[in-house]
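Working through the structure, step by step
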Amino acid sequence: MVNWYDPSEDVVVQPGVDRARFAPPSAAQQAAVRDRHGLACPYVLVTGFAEPRRGLDLAVAATGQLRDRDPDLELVLVGEVRSAVPALDGAPAWVRRLG
């Protein structure tokens, strides 16, 4: 068997992100965003287009199960609704949409 892998040839590629420009927000900035959107902690955040194939029914069900341990937990959905999502029809009050 031929061993074609030579670990001495490994190259580490650093993240292509400007850490000064894309630094994590401060605690005060995070609090300001939560206040602006009326978000309580803790919450599960789902981002992206809302459509049936995205598994939002699973997100609702999983968050419901997690609420057994933490009744204050919310599910927050951010993204455009592209087509009707049955799981969101009549969803509990702890499921919130922010656009």
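Described below are features of the structure shown in this document. (Residues numbered from 1 in each chain as written. Predicted model: local features only at pLDDT ≥ 70, side-chain atom pairs only at ≥ 80, totals over all residues. Heavy atoms only, no water.)

Attention now moves to the overall build of the protein chain. Counting secondary structure elements, the protein chain contains 2 helices and 3 strands. Listing the helices and strands of the protein chain from first to last along the sequence gives α-β-α-β-β. Whereas a compact globule of 99 residues would reach a radius of gyration of roughly 13 Å, the protein chain reaches 20 Å, over 25% beyond that. For the protein chain, with 99 residues in total, the buried portion stands at 19%. Once local pairs closer than 6 in sequence are excluded, the contacts in the protein chain between residues at least 24 apart make up 59%. When the accessible area of the protein chain is evaluated, it comes to approximately 7,700 Å², of which 55% is carbon and sulfur surface. (Helix = DSSP H or I, 4+ residues; strand = E, 2+ residues; numbered from the N terminus. Rg over C-alpha atoms; globule rule 2.2 N^0.38 Å. Buried < 20%, exposed > 50% of the residue type's maximum accessible area, 1.4 Å probe, protein only. Contact = heavy atoms within 4.5 Å. Areas by Shrake-Rupley, 256 points an atom, 1.4 Å probe, with all protein chains shown as cover.)

A few words on empty space enclosed by the protein. Tallying each qualifying case throughout the model produces 1 cavity of 30 Å³ or more. Considered as a void within the structure, the largest cavity measures approximately 80 Å³ in volume. For the lining of the largest cavity, the elements supplying multiple residues, two or more each, are strand 1 (43–47) and strand 2 (74–78). (1 Å grid on protein atoms, 1.4 Å probe; cavity = no way out; pocket = protein on both sides within 12 Å on 5 of 7 lines; lining within 4 Å. Points joined across faces, edges and corners; volume = space filled by probe spheres on them.)

Examined against the element boundaries, E74 turns out to sit in strand 2. Looking at E74, its side chain comes within polar contact range of the side chain of R96, at 3.4 Å. The contact partners of E74, leaving out residues within four places of it in the chain, are A40, P42, Y43, V44, T63, W94 and R96. (Polar contact = N/O pair within 3.5 Å; in protein donor to acceptor, adjacent residues only side chain to side chain.)

Moving on, we get to the sheet that holds strand 3 (residues 95–97). What the 3 strands build is an open sheet, ordered 1-2-3; its pairing is parallel. The outermost strands of the open sheet, each flanked by one partner alone, are strand 1 and strand 3. Averaged over all pairs of adjacent strands, the angle between their axes in this sheet comes to 20°, without regard to strand direction. Here 3 bridges tie strand 2 to strand 3, and the two strands are oriented parallel to one another. Counterpart to L75 in the pairing with strand 3 is V95. Along the sheet, helix 2 (residues 56–66) contacts strand 1, strand 2 and strand 3; its crossing angle with strand 2, the most-contacted strand, is approximately 160°. (Pairing = 2+ DSSP bridges. Axes fitted to C-alpha atoms, helices over the stretch in contact; angles between N-to-C directions.)

The next thing to look at is the pattern of salt bridges. Scanning the model with the defined rule gives 2 salt bridges in all. With its nearest N and O atoms 2.7 Å apart, the salt bridge here joins R53 to E51. Residue classification places R53 among the exposed positions, given a relative accessible area of 70%. R96 is the salt-bridge partner of E74, the closest N and O atoms lying 3.4 Å from each other. Here the residue E74 occupies a position in strand 2, and R96 occupies one in strand 3, the gap between them amounting to 22 residues. (Salt bridge = Lys/Arg side-chain N within 4 Å of Asp/Glu carboxyl O.)

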